[in-house]
Amino acid sequence: MLLARILTATVIVGNGLVAGVLFSHAIGVWPAMRALAPDRYIAFHKSFDRAYDPLMPIIVITAVICDAALAVLSADLVPRVLFASSAVALIASGVVSQTRNVPINHRVKALDPAAIPIDWVDPRGEWEKWNHVRTVFAVLALIGNAAAAVSAI
């Protein structure tokens, strides 16, 4: 079925982008950000995150919709369960992002790097923990989606 193939390609690309961005950030960008002095971290964080907020949720939602559609359209149980499980994992990644990482991002972006409050609590440890959690969910979703796509061949 052509629709299923288009949806599968879309979910693999979308989920791959999400998992890739989060994984790359966790192993490459974040260690560099964590090593910066607080004022430089805040300045970098403010300039770095601009494109993620509008784009990443759109990609995640698109992938979840495709996963849900594929779970309904799949005739076989294995791909149906894998696509559905991947949708749940992507939703979990998005929920962690929106309830944990994004609020921290907003707090950091509200700061003036030249006037950090004396009582400022550095959020990097908390942000890193939640970034790892959402990355694991995104990678698990990608593994599930890849397995579903292969099982449907």
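Scroll up to find the structure.
No experiment lies behind these values; they were computed from the predicted model shown. (Residues numbered from 1 in each chain as written. Predicted model: local features only at pLDDT ≥ 70, side-chain atom pairs only at ≥ 80, totals over all residues. Heavy atoms only, no water.)

Colleague: Pulling in residues and values, what's your account of helix 4 (residues 77–109)?
Modeller: With 33 residues, helix 4 should cover 48 Å at 1.5 Å per step; its first-to-last C-alpha distance of 45 Å lies within 8% of that length. Maximum bend of helix 4: about 35 degrees, positioned at Ser97. (Helix = DSSP H or I, 4+ residues; strand = E, 2+ residues; numbered from the N terminus. Expected span 1.5 Å × (residues − 1). Bend = angle between axes of the 7 residues up to and from the residue.)

Colleague: Summarise the pattern of salt bridges; cite the residues concerned and give the values.
Modeller: For the structure shown, the criterion picks out two salt bridges. For Glu128, the salt bridge identified is with Arg34, shortest N-O distance 2.7 Å. Here Arg34 lies in helix 1 (residues 2–35) and Glu128 lies in helix 5 (residues 124–151), a separation of 94 residues in the sequence. Arg34 sits in the partly exposed class, given a relative accessible area of 39%. (Salt bridge = Lys/Arg side-chain N within 4 Å of Asp/Glu carboxyl O. Buried < 20%, exposed > 50% of the residue type's maximum accessible area, 1.4 Å probe, protein only.)

Colleague: Lay out the nonpolar core in plain terms, naming residues and giving numbers.
Modeller: Judged by nonpolar contacts, the single largest core of 20 residues is most densely connected at Val11, Val18, Val64, Leu70, Phe83, Leu90 and Ala138. Sort the elements by how many residues they give to this core and helix 3 (residues 52–73) lands first, with eight residues. The residues touching Phe83, leaving out its near neighbours within four places in the chain, are Thr8, Val11, Asp67, Leu70, Ala71, Ser74, Asn145, Ala148 and Ala149. Counting residues in each nonpolar core, the second largest holds eight residues, with Trp30, Tyr41, Leu111 and Trp127 among its members. (Core = buried A, V, L, I, M, F, W, Y, C linked by side-chain atoms within 4.5 Å. Contact = heavy atoms within 4.5 Å.)

Colleague: Describe the packing of aromatic side chains, and please don't skip the residues or the numbers.
Modeller: The final tally for this structure, using the stated rule, is four aromatic pairs. Aromatic pair Trp30 and Tyr41: ring centres 6.1 Å apart, planes at 85 degrees, arrangement edge-to-face. Placement of Trp30 in helix 1 and of Tyr41 in helix 2 (residues 38–48) is noted, with a sequence separation of eleven residues between them. A residue is classified by how much of its surface remains accessible, and Trp30, at 1% relative accessible area, is buried. The exposure class of Tyr41 is buried, given its relative accessible area of 0%. Each ring, one from Phe48 and one from Tyr52, has its centre 5.7 Å from the other, and the planes form 55 degrees; the classification is tilted. Overall, Phe48 belongs to the partly exposed group, its relative accessible area being 26%. Among the residues examined, Tyr52 registers a relative accessible area of 28% and is labelled partly exposed. Chaining the aromatic ring pairs together yields one cluster made of Trp30, Tyr41 and Trp127. A cation over a ring is seen here: Arg100 above Trp130, with NZ or CZ 5.0 Å from the ring centre. The ring centre of Tyr41 lies 4.4 Å from the NZ or CZ of Arg124, which sits over that ring. (Phe/Tyr/Trp six-rings, centres within 6.5 Å; stacked < 30°, edge-to-face > 60°. Lys NZ or Arg CZ within 6 Å of the ring centre and 35° of its normal.)

Colleague: Account for the side chain of Ser74, with residues named and values stated.
Modeller: Locating Ser74 in the fold gives a position in the loop between helix 3 and helix 4. Relative accessible area serves as the criterion here: at 13%, Ser74 is assigned to the buried category. Looking at Ser74, its side chain comes within polar contact range of the main-chain oxygen of Leu70, at 2.6 Å. The residues contacting Ser74, other than those within four sequence positions of it, are Pro79, Arg80 and Phe83. (Polar contact = N/O pair within 3.5 Å; in protein donor to acceptor, adjacent residues only side chain to side chain.)

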